[in-house]
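Letter by letter, the chains look like this.
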Amino acid sequence: MMSTLDKILEEINNAESIVILTHENPDGDAVGTSLALYNALKMSGKNNVDLIIPECPITFSFLPGANELKKESNKDEYDLAIAIDCATLKMLSGGTKYFENASSSVVIDHHGTNTMYGDYNFVNPDAPACAEVMIVALNHFNMEIDKNIGTCLLVGIITDTGGFKYQGVTAETFEFVATLLNKGVNVSDTYRKVLQVKTRSAFELARIAN
């Protein structure tokens, strides 16, 4: 019997046009995991892929592929829509119409509150970050996780674990990070960019708030 991931891969292979979407006010897990999938699909020869994030925090502009993000699309219908790190259809930032109009839909997430709103849903509530769920998916798809994709995934893990501070962190989390290190991902540099560098506007805002 085909697993959910087998079915999702079949949908990806059959789709000519693909759109990737995530939740409103996206954090590092949403942006990083979406970009990881976007880069992986492009590397696999899928040329007609759009990643739509209407408002992406400038903190993540250093990530590979971030300059290709779209605020909206001139396409009304895609063969396949993939929602990342988003528990409900309503939370898809500006992307609900693309998701509903697509011929087929997939949800990849880690929230226990996920409403399973896709045709195919790959959700693991035990994972502290959606990036970890994506690593499992990409490995199953036999899509290579190179340094660029690994950096995107690491941002997701660092963000949603609070820099490995939160309780949901497991031994598997560190195994995933070790794998990314072996791909040449610079963990300390990425950590610094995501958690320790504040943009000027964020710094000013914090100063005013205090």
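Structure: above.
Now for a look at the structure at hand.

Conventions and cut-offs
Residues numbered from 1 in each chain as written. Predicted model: local features only at pLDDT ≥ 70, side-chain atom pairs only at ≥ 80, totals over all residues. Heavy atoms only, no water. Salt bridge = Lys/Arg side-chain N within 4 Å of Asp/Glu carboxyl O. Helix = DSSP H or I, 4+ residues; strand = E, 2+ residues; numbered from the N terminus. Buried < 20%, exposed > 50% of the residue type's maximum accessible area, 1.4 Å probe, protein only. Pairing = 2+ DSSP bridges. Axes fitted to C-alpha atoms, helices over the stretch in contact; angles between N-to-C directions. Contact = heavy atoms within 4.5 Å. Right-handed = clockwise from strand over helix to strand, strands pointing away. Parallel < 35°, antiparallel > 145°, perpendicular 65-115°, else oblique. Left-handed = near helix turned anticlockwise from the far one by under 90°. Polar contact = N/O pair within 3.5 Å; in protein donor to acceptor, adjacent residues only side chain to side chain. Disulfide = S-S within 2.5 Å.

Examining the pattern of salt bridges
Consideration 1: In total, this model carries four salt bridges according to the counting rule given.
Consideration 2: Asp50 serves as the salt-bridge partner of Lys70, at 3.0 Å between the closest nitrogen and oxygen. Taken together, the residues Lys70 in the loop between strand 2 (49–52) and strand 3 (80–84) and Asp50 in strand 2 connect sequence positions 20 residues apart.
Consideration 3: Residue classification places Lys70 among the partly exposed positions, given a relative accessible area of 33%.
Consideration 4: Through salt bridges with shared partners, a single network forms among Asp50, Lys70 and Lys75.

Details of the sheet that holds strand 1 (residues 18–22)
Consideration 1: Taken together, five strands build an open sheet; the order of strands is 2-1-3-4-5 and the sheet is parallel. Here the strands that pair on one side only, and so sit at the sheet edges, are strand 2 and strand 5 (120–123). Sheet twist, expressed as the mean angle between neighbouring strand axes with direction ignored, is 15 degrees.
Consideration 2: Packing against the sheet, helix 1 (residues 4–14) makes contact with strand 1, strand 3, strand 4 (104–109) and strand 5, and its axis sits at approximately 125 degrees to strand 5.
Consideration 3: Where helix 4 (residues 130–140) meets the sheet, it contacts strand 3, strand 4 and strand 5, and its direction lies at approximately 120 degrees from that of strand 4.

Some remarks on the environment of Glu77
Consideration 1: Structurally, the position occupied by Glu77 is in the loop between strand 2 and strand 3.
Consideration 2: Distance from Glu77 to Lys90, taken between C-alpha atoms, is 18 Å for residues 13 residues apart in sequence.
Consideration 3: The residues touching Glu77, leaving out its near neighbours within four places in the chain, are Ser17 and Asn101.

Examining the pairing of strand 1
Consideration 1: With five of five residues buried, strand 1 lies mostly within the body of the structure.
Consideration 2: What you see with strand 1 is no split at all: Ile18, Ile20 and Thr22 on one side and Val19 and Leu21 on the other are buried throughout.
Consideration 3: Summarising the sheet, strand 1 and strand 2 pair through four bridges and their orientation is parallel. Across the sheet, Val19 pairs through a bridge with Asp50, a residue of strand 2.
Consideration 4: The β-α-β motif built from strand 1, the intervening helix 2 (residues 28–43) and the parallel element strand 2 has right-handed crossover chirality.

Examining the packing of helix 5 (residues 147–160) against helix 7 (residues 187–196)
Consideration 1: With their axes 10 Å apart at the nearest point, helix 5 and helix 7 run at an angle of 55 degrees to one another. Taken together, the axes of helix 5 and helix 7 are oblique relative to one another. Between helix 5 and helix 7 lies a crossing of right-handed hand. Contact residues: helix 5 offers Thr151, Leu154, Val155, Ile158 and Thr159, while helix 7 offers Val187, Thr190, Tyr191, Val194 and Leu195.

As for the pairing of strand 3
Each regular strand carries side chains that alternate between the two faces of the sheet.
Consideration 1: Along strand 3, five of the five residues are buried, which leaves the element largely enclosed by surrounding structure.
Consideration 2: With burial as the criterion, each face of strand 3 is covered, one bearing Leu80, Ile82 and Ile84 and the other bearing Ala81 and Ala83.
Consideration 3: In terms of strand pairing, strand 1 meets strand 3 through five bridges, oriented parallel. Across the sheet, residue Leu21 finds its bridge partner in strand 3, namely Ala83.
Consideration 4: Looking at chain direction, strand 3 and strand 4 are connected through five bridges and run parallel. Residue pairing for strand 4: Ile84 is matched across the bridge by Ile108.

Describing the side chain of Asn114
Consideration 1: Looking at the element boundaries, Asn114 is found in the loop between strand 4 and strand 5.
Consideration 2: A distance of 2.7 Å separates the side chain of Asn114 from the backbone nitrogen of Met116, its partner in a polar contact.
Consideration 3: Once residues within four sequence positions are removed from consideration, Asn114 is found in contact with Cys86, Ala87, Val107, Asp109 and Val123.

Focus: the state of the cysteines
Consideration 1: In this structure the tally under the stated criterion is zero disulfides.
Consideration 2: With no disulfide of its own, Cys56 has Cys152 as its nearest cysteine by sulfur position, at a separation of 11 Å.
Consideration 3: Summary of cysteine pairing: Cys130 is not part of a disulfide, and the nearest cysteine sulfur, belonging to Cys86, is at 9.9 Å.
Consideration 4: Accessibility expressed as a relative area gives 0% for Cys130, which makes it buried.

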